[in-house]
Amino acid sequence: MTIRPQRGLEKIQTYVPGKPIREVEREYGAQDIVKLASNENPFGVSPKALAAMRGALTDAYLYPDGASYDLRSALAKHFGFALNQVTVGNGADDVILHVSMAYLDEGDEVVTSRSSFPIYDIYTHAMRAILVKTPLAAGHRIDLEAMARAITPKTKLLFVCNPNNPTGTISTKGELDRFLASVPDRVLVILDEAYAEMVDSDEFPDGLAYVREGRENILVLRTFSKVYGLAGVRLGYAFGHPKTIAPLFKVKPAFTVNVLAQAAGIAALEDEEFVRFTVDENRKGRRYLCEAFDRLRIEHAESHANFVLIRIGPKAADVQRALLRRGIIVRPCVAYDLPDFLRVSIGKAEQNERLVTALAELLAKR
Ligand SMILES: *Cc1c(COP(=O)(O)O)cnc(C)c1O
């Protein structure tokens, strides 16, 4: 007799995160390692969040506020919502889990795009819901028309990642307006805007505007992991209609956001200077990398985020390992259905230069 995990797990492909720096040190004996694999903030933690966490350390013996009242109030105030329109989680990943637990019945359908964030797939399977994936459109962009066509009477959730990870592309306001007009009220659309702060384009829609209009079937997901430099602390949040948010509080683990994360989030929201600096540097890094890729004739998707998807070809895995031996960690895209591609996070100027130099040498040998 063996103990069988529940059937949903049979379909789950375990999430493989970007390789940690320590692991590369152990396995490759490399030093001075650059991690450009997980879209972290290369400039570190928001200084205001860091100071707030230092101050909160002595409270670590107390359970955190399970309702995250101060943090949710700060988020509500900052973005102009009521308290009952905000939820928080131990990373946006955790909020995706809460949404899946709160809304999915066995056999419900969940529509996502191919080559998008794999966490959607994992929790869909865990709830024994049915995953429906639509292909990408030209330019590695999410095909909202295909997603609309994939909706059936069984569809419950639909995930739109904007900008999309790992392609970095955006869906425009016109495209999203048209799409949302065609989505039935009984389908909850989760707009995952983990990289919203980094987008320059005038065509980028502010998902929060749909929530402000009072739409009940839209949830906007954001995170402190990227622009605020708090990936290691784990803090994500979402805004929606009070009726849509309420079920999430039933399933959320009681103390899912810890004492340090709550303090960090409140302070980070005030750290406009760090956000501005990060966004400016990221814009420069993105321009530098994209120009270098063009020069090296490396095809890349149009990035609006803090990473760039590049096409290496059938040798992508070899190039990724060769970069590791040089102490540069980038992300393979096999798990994103893009085996010929690598996803490179935008780093500090000197890190970007190191990546470009290494790629130029490796690809010259192709
Ligand atoms: C990084 C990321 C998240 C958020 O991650 P957390 O660290 O769990 O907050 C969510 N969605 C996408 C698309 C991401 O890339």
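Up top is the structure.
Quick look at the structure, then. In this convention, every chain numbers its residues from 1, walking through the sequence in written order. Note on the predicted model: pLDDT of at least 70 is required for a residue's local features to be given, and 80 or more for side-chain atom pairs to be given and counted; whole-chain, interface and lining totals, by contrast, use all residues. Excluded from the side-chain calculation are hydrogens and water; included are all heavy atoms of the structure.

## Brief notes about the packing of helix α4 (residues 92-103) against helix α5 (residues 119-126)
Move 1: Relative to each other, α4 and α5 sit at 30°, their axes nearing to 10 Å. Regarding α4 and α5, the two cross each other, and that crossing is right-handed. Only I119, Y120 and Y123 of α5 make contact with α4, whose side of the interface consists of D93, I96, L97 and S100.
Move 2: Class assignment of the residues belonging to the contact of α4 with α5 gives a composition of five nonpolar, one polar and one charged. Lines fitted to C-alpha atoms define the axes, with helix axes restricted to the stretch in contact, and inter-axis angles between N-to-C directions lie between 0 and 180 degrees. Helix and strand assignments follow DSSP, with helices taken as H or I runs no shorter than four residues and strands as E runs no shorter than two, numbered in order from the N terminus. The sense of a crossing depends on the near helix, which, turned anticlockwise from the far helix by less than a right angle, makes the crossing left-handed and, turned clockwise, makes it right-handed. We call two residues contacting when some pair of their heavy atoms lies within 4.5 Å. Under this grouping Gly is polar, as are all residues other than the nonpolar Ala, Val, Leu, Ile, Met, Phe, Trp, Tyr, Cys and Pro and the charged Asp, Glu, Lys and Arg.

## What about the site of the ligand?
Move 1: For this purpose, a residue is taken to be near a molecule or strand whenever a single non-hydrogen atom of the residue falls within 4 Å of it. The environment of the ligand is formed by 13 residues, the closest being A92, Y195, T223, S225 and K226.
Move 2: Counting of polar contacts relies on pairs of N or O atoms within 3.5 Å, with two restrictions inside protein: one atom must be capable of donating a hydrogen and the other of accepting it, and residues adjacent in sequence are counted only when both atoms are side-chain atoms. Take K226: an N or O atom from its side chain is 3.2 Å from an oxygen atom of the ligand.
Move 3: Computed by Shrake-Rupley with a 1.4 Å probe, the accessible areas treat only the displayed protein chains as cover when residues are assessed. Calculation on the ligand without its partners gives an accessible area of 390 Å², and the protein chains cover 94% of this total.
Move 4: Only protein atoms enter the calculation, which uses a 1 Å grid: trapped sets of points that fit a 1.4 Å probe without letting it out are cavities, open sets showing protein on both sides within 12 Å along at least five of seven lines are pockets, and any residue with an atom within 4 Å of a point is a lining residue. To decide whether a molecule occupies a pocket or cavity, check its atoms: if more than half lie within 2 Å of the grid points, it is inside. Judged by its atoms lying within 2 Å of the grid points, the ligand is housed in the second largest pocket.
Move 5: For the shell around the ligand, the class distribution of residues is five nonpolar, four polar and four charged.

## Regarding the packing of aromatic side chains
Move 1: Planes of paired rings set the category: under 30 degrees apart is stacked, over 60 is edge-to-face and the rest tilted, where pairs are Phe, Tyr or Trp rings (Trp by its six-membered ring) whose centres lie within 6.5 Å. Here the structure, examined in full by the defined rule, presents 11 aromatic pairs.
Move 2: Note on F79 and Y237: the rings are 5.9 Å apart at their centroids and 35° apart in plane angle, and the pair reads as tilted. Here F79 is found in helix α3 (residues 69-79), whereas its partner Y237 is found in strand β8 (residues 236-239), with 158 residues between them in sequence. You'll find F79 and Y237 in the same group, each marked buried. Burial status follows relative accessibility: with a 1.4 Å probe on protein chains alone, a residue under 20% of its type maximum counts as buried, one over 50% as exposed, and anything between as partly exposed.

## Some words on the sheet that holds strand β7 (residues 218-223)
Move 1: The strand order β2-β8-β7-β6-β5-β3-β4 describes an open sheet built from seven strands, whose pairing is mixed. The sheet is open, and its two edges are formed by β2 (86-89) and β4 (130-134), each paired on a single side. On average, each strand axis in the sheet is tilted by 20° relative to the strand beside it, whichever way the strands run.
Move 2: Bridging between strand β6 (residues 188-192) and β7 involves four bridges; their strand directions are parallel. Pairing between two strands is assigned when DSSP locates at least 2 bridges connecting them.

## Focus on the nonpolar core
Within soluble globular proteins, side chains that are nonpolar generally end up buried alongside one another.
Move 1: Counting residues in each nonpolar core, the largest one holds 50 residues, and the members touching the most others are L75, L158, F179, V189, F224 and L230.
Move 2: Among the elements that make up this core, the one with the highest residue count is α3 (five residues).
Move 3: Not counting residues within four places of it along the chain, the set of residues in contact with F179 comprises L144, M147, A148, L158, V160 and V189. For the purposes of this section, nonpolar cores are sets of buried Ala, Val, Leu, Ile, Met, Phe, Trp, Tyr and Cys residues that join through side-chain atoms within 4.5 Å.

## Observations concerning helix α7 (residues 173-182)
Move 1: Residues L176, F179 and L180 constitute the buried set of α7. End-on, the buried residues of α7 take up no more than an arc of 95°, which puts them together on one face. Across from the buried face of α7, at angles greater than 90 degrees, the exposed residues are R178 and A181.
Move 2: Looking at the buried side of α7, the elements it contacts are α6 (144-149), β5 (155-161), β6, α8 (207-212) and β7. In this context, the arc is that of the directions from the helix axis out to the C-beta atoms.

## Here we look at the packing of α4 against helix α9 (residues 242-251)
Move 1: At their nearest, the axes of α4 and α9 sit 8 Å apart, and the two run at 95° to each other. In terms of their interaxial angle, α4 and α9 are classed as roughly perpendicular. Contacts between α4 and α9 involve H98, V99, M101, A102 and Y103 on the former and, on the latter, K243, T244, P247, L248 and V251.
Move 2: Taken together, the residues of the contact of α4 with α9 sort by class into seven nonpolar, two polar and one charged. Each angle receives one of four descriptions, namely roughly parallel if under 35 degrees, roughly antiparallel if over 145, roughly perpendicular if within 65 to 115, and oblique otherwise.

## Section: the pairing of β8
Move 1: Where burial is concerned, the two faces of β8 agree: the one with G236 and A238 and the one with Y237 and F239 are both buried.
Move 2: Summarising the sheet, β2 and β8 pair through four bridges and their orientation is antiparallel. Along β8, the bridge assignment pairs G89 with G236.
Move 3: Where β7 meets β8, four bridges bridge the pair, whose relative direction is antiparallel. When the bridges of β8 are listed, R222 appears paired with Y237.

## Observations concerning unusual backbone geometry
Move 1: Here N162 and P163 are connected by a cis peptide whose omega angle stands at -5°.
Move 2: Checked against the element boundaries, P163 lands in the loop between β5 and α7.
Move 3: Here the amide bond leading from N165 into P166 is cis, since omega sits at 20°, within 30 degrees of zero.
Move 4: Along the polypeptide, P166 turns up in the loop between β5 and α7.
Move 5: Its identity is not glycine, yet S68 carries a phi of approximately 45°, on the positive side.
Move 6: Of note, S68 is situated in the loop between α2 (47-56) and α3.

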